[in-house]
Structure formats: structure tokens, C-alpha cells
Amino acid sequence: MRLAILADIHSNNIALEKVLRAIHREKVDQVICLGDVVNIGPRPREVIDRLRELDCLTIMGNHDEWMLKPDHHSRKDTIDEIVDIHHWTMAQLTADDFAYLRSFKQTAYLELSAEENILFFHGSPRSNKDLILAETPDHVLDTMFNGCRASLLIGGHSHIQLMRYYRGMRLINPGSVGLSFTYHPQFGYSPWAEFALVTWQRGRVHFDLHRLPLDIDTIIEDARQTDMPHTEWWAEAWRKGV
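What exactly am I supposed to notice about the overall build of the protein here?
A count of helices and strands for the protein gives 8 helices and 12 strands. At 17 Å, the protein has a C-alpha radius of gyration in line with the 18 Å of a compact globule built from 242 residues. C-alpha extents for the protein along the principal axes are approximately 50 × 40 × 40 Å. Put simply, the protein has 242 residues, and 54% of those count as buried. Here the analysis covers contacts within the protein between residues at least 6 apart in sequence; of these, 66% occur between residues at least 24 apart. Accessible area for the protein stands at about 11,300 Å²; split by element, carbon and sulfur atoms hold 48% of it.

Explanation requested: helix H1 (residues 13-26) in the structure shown.
Between the first and last C-alpha of H1 there are 20 Å, a value that for 14 residues agrees with the 20 Å anticipated at 1.5 Å per step. Of the residues making up H1, those classed as buried are Asn 13, Ala 15, Leu 16, Val 19, Leu 20, Ala 22 and Ile 23. Its buried side turned inward, H1 meets strand S1 (2-6), strand S2 (30-33), helix H2 (44-54), strand S11 (192-201) and strand S12 (204-213). For H1, the N-terminal cap is Asn 12; the gap from its side-chain oxygen to the backbone nitrogen of Ile 14 is 3.4 Å. Downstream of H1 by one or two residues, Lys 27 has phi in the positive range, about 55°.

Where do I start with the sheet that holds S12 in this structure?
One key point about sheets: their strands pair by backbone hydrogen bonds, in either a parallel or an antiparallel sense. Strand order in this open sheet of 5 strands is S3-S2-S1-S11-S12, and the pairing throughout is mixed. Both outer strands of the open sheet, strand S3 (57-58) and S12, are each paired with one neighbouring strand and no more.

Help me out: how do you make sense of unusual backbone geometry in this one?
Glycine aside, a negative phi is what most residues show, and trans is what most peptide bonds show. For Ser 11, which is not glycine, the phi dihedral falls at a positive 60°. Considering the arrangement of structural elements, one finds Ser 11 in the loop between S1 and H1. When its relative accessible area of 0% is taken as the criterion, Ser 11 is described as buried.

Hey, could you run me through the packing of aromatic side chains in this one?
For any pair of aromatic rings, the description rests on two quantities: the centre-to-centre distance and the angle between the ring planes. Going through the model one piece at a time under the given rule, you end up with 6 aromatic pairs. Arranged with centres 5.1 Å apart and planes meeting at 85°, the rings of Tyr 100 and Phe 104 form a pair that is edge-to-face. Residue classification places Tyr 100 among the buried positions, given a relative accessible area of 11%. Aromatic pair Phe 181 and Tyr 189: ring centres 6.2 Å apart, planes at 20°, arrangement stacked. Note on Tyr 189: relative accessible area 4%, which makes it buried.

What is the right way to read H2 from this model?
Since one α-helical turn is 3.6 residues long, residues separated by three or four positions face the same way. Of the residues making up H2, those classed as buried are Pro 44, Val 47, Ile 48 and Leu 51. Along the axis of H2, the buried positions cluster into a sector of 100°, meaning they face one direction only. Of the surrounding secondary structure, the elements contacted by the buried residues of H2 are H1, S2, helix H4 (80-92) and helix H5 (95-102). Looking one or two residues past H2, Asp 55 carries a phi angle of roughly 55°, positive in sign.

I'm lost on the packing of H1 against H2 in this one. Help?
Any two packed helices are characterised by how steeply their axes cross, that is the angle between the axes, and by the distance between the axes. Between H1 and H2, whose axes approach to 9 Å, the crossing angle comes to 25°. Compared by their axis directions, H1 and H2 come out roughly parallel. As for the relative orientation of H1 and H2, their crossing is left-handed in sense. Contacts from Asn 13, Leu 16, Glu 17 and Leu 20 of H1 reach H2 at Glu 46, Val 47, Arg 50 and Leu 54. When grouped by side-chain class, the residues that make up the contact of H1 with H2 number 4 nonpolar, 1 polar and 3 charged.

So what exactly am I meant to see when it comes to the state of the cysteines here?
Two cysteines form a disulfide when their sulfur atoms are joined by a covalent bond. With the rule as written, the count across this model stands at 0 disulfides. For Cys 33, which is in no disulfide, the shortest distance to another cysteine sulfur is to Cys 56 and amounts to 5.6 Å. Judged by its relative accessible area of 0%, Cys 33 is buried.

About the thresholds
- Residues numbered from 1 in each chain as written.
- Predicted model: local features only at pLDDT ≥ 70, side-chain atom pairs only at ≥ 80, totals over all residues.
- Heavy atoms only, no water.
- Helix = DSSP H or I, 4+ residues; strand = E, 2+ residues; numbered from the N terminus.
- Rg over C-alpha atoms; globule rule 2.2 N^0.38 Å.
- Buried < 20%, exposed > 50% of the residue type's maximum accessible area, 1.4 Å probe, protein only.
- Contact = heavy atoms within 4.5 Å.
- Areas by Shrake-Rupley, 256 points an atom, 1.4 Å probe, with all protein chains shown as cover.
- Expected span 1.5 Å × (residues − 1).
- Polar contact = N/O pair within 3.5 Å; in protein donor to acceptor, adjacent residues only side chain to side chain.
- Pairing = 2+ DSSP bridges.
- Phe/Tyr/Trp six-rings, centres within 6.5 Å; stacked < 30°, edge-to-face > 60°.
- Arc of directions from axis to C-beta.
- Axes fitted to C-alpha atoms, helices over the stretch in contact; angles between N-to-C directions.
- Parallel < 35°, antiparallel > 145°, perpendicular 65-115°, else oblique.
- Left-handed = near helix turned anticlockwise from the far one by under 90°.
- Nonpolar A, V, L, I, M, F, W, Y, C, P; charged D, E, K, R; others polar.
- Disulfide = S-S within 2.5 Å.

What follows is the structure in C-alpha cells.
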């Protein structure tokens, strides 16, 4: 069995299509999406349509949940540009799109064998807003996982690829399809699309992290063809990451 793991697409259909072409060449058996399908990007409906065609298991990201529960989000924690794009994104979606978002799971288990299984989540099993990084201490992770165990723990949300161990379990983040983050020398969006492959073969699990280069000019021009607010602010974040 071969799984393709996607996360944090954020309405970037150009990046999604590039990843899906690569996945097709890898001949995967199943696609798993770890959430944050929409928001902070110009093509929410196109991304939803594409994922719906794939009929893939999708986890509820914090931005997906924000679409469904706009009054439950604290505005003080979010900059004005993202709030405005959120409102614009909501206006783009149809009743069917919202129904699709409501179908997303909080977590999911996949059993590979009696010894190997996978737990999928967005931020953590506790909350899709939890942030897990390479330096997050085990005692902090204990509160996030609260006894949840699996041989392989796979989540998103940070927009940063990760492989580490936690209490004898392997913890993986595939990175972000649509808004990979960089922090050096300053914050920006990295010029690549990220995903992971998990292969179960002959009783063993193998996993690989992938990056595909993106044409930033094409992505920015695609956004300019829409009426998404703050397009130039969004474009500048891409330029900072190059």
C-alpha cells in the first residue's frame, strides 16, 4: 500500500495540481488530506472541487473549521488581511462546498497490520490549532496526545516538514502544499509545494518527504486574475520567501 499525504493547501490550486501530477506518477493507492484546504489563497472552490473528485479522507483544519464557525474565531489572534480573505473565501463557497467541509474528520486511524497503524490529525488529536515543531518537548506533546498512540503519527498545521520521534512513535509532518513557510532571514512563503509518501511493504513502513519547485510569478498572476482582497500583500509574502 502506498499513501500520499497532503496538508495545508490553502486555496492554492496551482500547487495542488503540481502535487497531484507527481502523486499520479508515484502510483499511490490512497490520498489523505490533513486539512486547511481553504483560506489565504485565491482558488478555494477549485481546490474543493479537485479534492471532492479524489474522494479522499480529509481531516478538519483550523481554517476549514473557521469557515463553518466564523463566530468562534478570535479576531485578535489574526491579522486584518487574513480576516478579509476569510470573509471573501466564505462568499465564494456554495452550500455544497460548506457541506463538503462539514464532512471532514477531527482525527482518523488507519490500521496497516496488528503492529503498524497511523493516526492522522491536523494540529494534534487535542486541537487543530496545536503547533508541533521539532523542538516541542515531549512533556508538552503528552498533553496534546493525551494517551493517543499509534506507530506513526501524521499531522500538519505548522507548514514545516518534520520527522522526529516521540515516546517511541514516529511523528511526521508532510509540510504544506500551498503555503510552505520559511523563517530565514524573514518570514515568507517558500517557492515549493510539499507532500509525503508513506509505503507499507513486506511488513515495514517507509516514509519520504517531497518538495516540488513552484513558479512564483505564475502563482501571483493567478491570484491577480481573481478579486481576492490584499493580493499584493499575499504576493509580497511569496517574494520574501524566494
